[in-house]
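# Report on the structure
Chain by chain, the residues:
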Amino acid sequence: MKRVCLLMAALAALMVGCGRQLAEVPEATPAPTAVVTATPTPTATPTPTPTPVLVTMAPTSVPTPVPTPTPTPTATPTPTPAPTPFSLAWVPDTQHFAYFDPQKFLTLAERINERRESDNILGVIHSGDLVDNGFKSWQWDNFDPFLENLDPSLFFFPVAGNHDIGTQAQEYYAYLPRPFLKAYPDEQKYDGGKVIYRVLSEGGEDILLLGIGWNMWMDRGAMRWTDEVLAAHQDMPCILVIHGFLLSETGYYQSVEQMIAARPTIRLVLCGHMDGYYTHVFTYDDDGDGVKERTVTAMMLNMQRAQDYAFRILTFDPLSHAVTVNTLLLDGSPAPDYPNREPISFTIENAY
């Protein structure tokens, strides 16, 4: 108990001492409390709402759209059609018809007409001796129905044979008045029809038909006119129609051959006069270079004394320039080959 009272007295004395000490120490001025004034976040000045200004815009021209051209389709080229082959009917000596059997003229015309469309026949060539005696009018009366019965679309291209101008008289004045010569313009005939020509335009090309009457190859005036015609048509191949040539008398043959040799556009020769049929190919060196570059195919046909008369259809191929020679009888059938003879029907390559 005594200990507790001593402890409590010591504790009280201690507390009194401390009180005095605290009174002697000046009271500390309290540190000012820092007042942190928050810097006010500046209020953003409101951006004034702009007064809308009505701007009148000049109208911008809108470019007119350029249409894209529609490509024109390339036309498929139309192929050029191949030139169509064409034909000529070749009628040789018919004097026996005029004298003995005029009905055969009608049969001959009928056969040609039958093949006109299928063979594309353009005309009829007669290589002379249309009648037996040109001074006998009744023979021309027998001949005329032949032309009258031919299809009117066919042209007729004749030359005079020795019988047409009279085997004795040898004069043209009975032959020249014939209507088939009157039909030719004056510029296409010499001295009324002793020599005639015609331009055949077919298959994309031109061919000169030249007909020289009997004995006219020895007439200077006729040959001057002939040369003028050939010169005026020098870019065309020429088919010469003449009555007498192959197998003819030596003088006739030589003079005609010399005439052909001197005229470089002649490529085909059609003749009659002598009996039978025969073909010969001539070659000529026209430019003097030592090479015979021109061929001339000469054909002779005269079958009136044979058992069956024969005529020919010459078919021209414009692409190959070949000529197909079809020899036919009056009944329309192909003429048969004769034993030990050349073919009576054949093809000539590069003929014109």
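Now for a description of the structure that goes with this document. Just so it is clear, the model here is predicted, and its values are computed rather than measured.

Procedures and definitions
- Residues numbered from 1 in each chain as written.
- Predicted model: local features only at pLDDT ≥ 70, side-chain atom pairs only at ≥ 80, totals over all residues.
- Heavy atoms only, no water.
- Pairing = 2+ DSSP bridges.
- Helix = DSSP H or I, 4+ residues; strand = E, 2+ residues; numbered from the N terminus.
- Axes fitted to C-alpha atoms, helices over the stretch in contact; angles between N-to-C directions.
- Polar contact = N/O pair within 3.5 Å; in protein donor to acceptor, adjacent residues only side chain to side chain.
- Contact = heavy atoms within 4.5 Å.
- Buried < 20%, exposed > 50% of the residue type's maximum accessible area, 1.4 Å probe, protein only.
- Core = buried A, V, L, I, M, F, W, Y, C linked by side-chain atoms within 4.5 Å.
- Expected span 1.5 Å × (residues − 1).
- Arc of directions from axis to C-beta.
- Salt bridge = Lys/Arg side-chain N within 4 Å of Asp/Glu carboxyl O.

Our next topic: the sheet that holds strand 1 (residues 86–91). Taken in spatial order, the 6 strands of this open sheet run 3-2-1-11-12-13, and their pairing is mixed. A single partner strand is all that each edge strand has here, and the edge strands are strand 3 (155–158) and strand 13 (346–348). Going across the sheet, the axis of each strand differs from the next one's by a mean of 25°, ignoring polarity. In this structure, strand 1 lies alongside strand 11 (residues 310–317), joined through 5 bridges in antiparallel fashion. Each residue of the ladder has a partner; that of Trp-90, found in strand 11, is Arg-312.

Summarising the element assignment, Arg-294 is placed in strand 10 (residues 294–302). Side-chain polar atoms of Arg-294 contact the backbone oxygen of Arg-263, separated by 3.1 Å. Setting aside chain neighbours within four positions, we find Arg-294 in contact with Ile-260, Ala-261, Arg-263, Pro-264, Ile-266, Arg-267, Phe-282, Thr-283, Tyr-284 and Asp-286.

Our focus in this paragraph is the environment of Ala-261. With respect to the helices and strands, Ala-261 occurs in helix 7 (residues 250–261). Owing to a relative accessible area of 28%, Ala-261 belongs among the partly exposed residues under this scheme.

Our focus in this paragraph is the side chain of Asp-129. If you trace the backbone, Asp-129 turns up in the loop between strand 2 (121–126) and helix 4 (137–149). In contact with Asp-129, other than residues within four places in its own chain, are Asp-93, Thr-94, Gln-95, Gly-161, Asn-162, His-163, Asp-164 and His-243.

Ranked by internal contacts, the top residues of the largest apolar core, which has 94 residues, are Ile-112, Phe-146, Ile-242, Phe-245, Ile-260 and Phe-316. Excluding its chain neighbours within four sequence positions, the residues that come into contact with Ile-112 are Ala-89, Val-91, Ile-121, Val-124, Phe-146, Leu-150, Leu-154 and Phe-311.

Let us look at helix 3 (residues 103–116). Taking 1.5 Å as the rise per residue, helix 3 with 14 residues should run 20 Å; its terminal C-alpha atoms sit 20 Å apart, in good agreement. When helix 3 is considered as a whole, its buried residues turn out to be Phe-105, Leu-108, Ala-109, Arg-111 and Ile-112. The arc enclosing the buried residues of helix 3, seen along the axis, measures out at 160°, which places them on a common side. Buried positions along helix 3 lie against strand 1, helix 2 (95–99), strand 2, helix 4 and strand 11.

Right, let's talk about helix 4 for a bit. Counted at 1.5 Å a residue, the expected span for helix 4 with its 13 residues is 18 Å, and the 19 Å between its end C-alpha atoms agrees. Residues of helix 4 that are buried in the fold lie against strand 1, helix 2, helix 3, strand 2, strand 3 and helix 5 (179–182).

Evaluated as defined, the whole model comprises 10 salt bridges. Between Glu-114 and Arg-111 there is a salt bridge, and its shortest N-O distance comes to 2.9 Å. Of the two residues, Glu-114 and Arg-111 both sit in helix 3, 3 residues apart, roughly one turn of that helix. Look at Glu-114 and you get partly exposed, because its relative accessible area is 47%. A salt bridge links Asp-119 to Arg-115, with the shortest nitrogen-to-oxygen separation between them at 2.7 Å. Given the relative accessible area of 16%, Asp-119 is considered buried. Put simply, Glu-110, Arg-111 and Glu-114 are held in one network by salt bridges that share partners.

Moving on, we come to the sheet that holds strand 9 (residues 276–284). Backbone-to-backbone hydrogen bonds join strands into a sheet, with any given pair of strands oriented parallel or antiparallel. Spatially, 7 strands are ordered 4-5-6-7-8-10-9 in an open sheet, and the strand pairing comes out mixed. Each having just a single partner strand, strand 4 (189–190) and strand 9 make up the two edges of the open sheet. As defined by bridge partners, strand 7 (residues 238–242) adjoins strand 8 (residues 266–271) across 4 bridges and the pair is classed as parallel. Across the sheet, Ile-239 pairs through a bridge with Leu-268, a residue of strand 8.

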